[in-house]
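Report on the structure
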Amino acid sequence: MKKLLIICFISLTTFYSFAQTNNKATKEVSLQNNGNATFRLFSTQNMWIFIKLNTRNGQMWLVQFSMKNEGRFVTPLNLESLITNVIAP
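So, how was this worked out
Residue numbers here run from 1 along each chain, matching the order of that chain's written sequence. Whole-chain, interface and lining totals are the exception, using all residues; otherwise, since this is a predicted model, local features are given only for residues with pLDDT of at least 70 and side-chain atom pairs are given and counted only at 80 or more. As a rule here, side-chain values come from all non-hydrogen atoms in the structure, and water together with hydrogens is ignored. A run of H or I in DSSP becomes a helix once it reaches four residues, and a run of E becomes a strand once it reaches two; helices and strands are each numbered from the N terminus. Between buried and exposed lies partly exposed: a residue is buried under 20% and exposed over 50% of the maximum accessible area for its type, with that area taken using a 1.4 Å probe on protein chains only. Contacts between residues were defined by any pair of non-hydrogen atoms, one from each residue, lying within 4.5 Å. For the area figures, the Shrake-Rupley method with a 1.4 Å probe applies, and any residue is considered shielded solely by the protein chains shown. We define a polar contact as two N or O atoms separated by no more than 3.5 Å, with the added condition that, inside protein, one atom must be a possible hydrogen donor and the other a possible acceptor, whereas residues neighbouring each other in sequence contribute only through side-chain atom pairs. Any two rings among Phe, Tyr and Trp, with Trp reduced to its six-membered ring, count as a pair given centres within 6.5 Å; such a pair is stacked if its planes are under 30 degrees apart, edge-to-face if over 60, and tilted if neither.

The number of helices and strands found in the chain is 1 helix and 4 strands. The N-to-C order of helical and strand elements in the chain reads α-β-β-β-β. Counting the 89 residues in the chain, one finds 12% classified as buried. Across the chain, the fraction of contacts at a sequence separation of at least 24, relative to all contacts at a separation of at least 6, is 8%. Total accessible area on the chain stands at roughly 8,000 Å², and carbon and sulfur atoms take up 63% of it.

The residue Arg56 is located in the loop between strand 2 (49-54) and strand 3 (60-64) in this model. Taking relative accessible area as the criterion, Arg56 reaches 57% and is therefore assigned exposed. Residues Arg56 and Ala37, spaced 19 residues apart in sequence, show a C-alpha to C-alpha distance of 9.2 Å. Once you skip the residues sitting within four places of it in the chain, Arg56 turns out to touch Thr38 and Ile83. Polar contacts involving the side chain of Arg56 include one to the side chain of Thr38, which spans 3.2 Å.

The topology assignment puts Phe39 in strand 1 (residues 39-43). By relative accessible area, which is 43% here, Phe39 ends up partly exposed. Once the C-alpha coordinates of Phe39 and Gly58 are considered, the two residues, 19 residues apart in sequence, prove to be 9.8 Å apart. Not counting chain neighbours up to four residues away, the residues in contact with Phe39 comprise Lys52, Leu53, Asn54 and Trp61.

All right, on to the packing of aromatic side chains then. According to the stated counting rule, one finds 2 aromatic pairs in the structure shown. Ring plane angle 55° and centroid distance 6.1 Å describe the contact between Phe39 and Trp61, whose orientation is recorded as tilted. With a gap of 22 residues between them, Phe39 in strand 1 and Trp61 in strand 3 connect regions that are remote in the sequence. Judged by its relative accessible area of 15%, Trp61 is buried. Measuring from centroid to centroid gives 5.9 Å for Trp48 and Phe65, while their planes differ by 15°, and the two rings are stacked. Pair noted here: Trp48 is in the loop between strand 1 and strand 2 and Phe65 is in the loop between strand 3 and strand 4 (73-78), with a separation of 17 residues, a long-range link.

Examined against the element boundaries, Asn78 turns out to sit in strand 4. Overall, Asn78 belongs to the buried group, its relative accessible area being 18%. A polar contact is formed between the side chain of Asn78 and the backbone nitrogen of Glu80, at a distance of 3.2 Å. Setting aside anything within four residues of it in sequence, one finds Asn78 in contact with Gly58, Gln59 and Met60.

Below, the structure is given as structure tokens:
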């Protein structure tokens with residue numbers, strides 16, 4: 001009985017440590033690779049909802065992902081440009 005408890009404890013702590021390291025490493029790498037992108041997606045606490053940001057003018061949209069087509073949509077959060085003087089390229 002004592003051995004069974006020790007094995008359970010070790011296996012649960014091992015699973016917990018692997019789950020924590022993989023998730024954070026993936027987010028950091030994906031943010032570093034897209035430094036010059038015009039649009040960026042930011043995750044929220046809800047796994048199906050993201051915030052899409054236009055990095056050039058500050059406009060934002062709420063993006064809902066779904067496995068079904070009828071559950072997917074994009075709705076504006078802020079369509080007002082946060083930049084007053086836009087310099088043409």
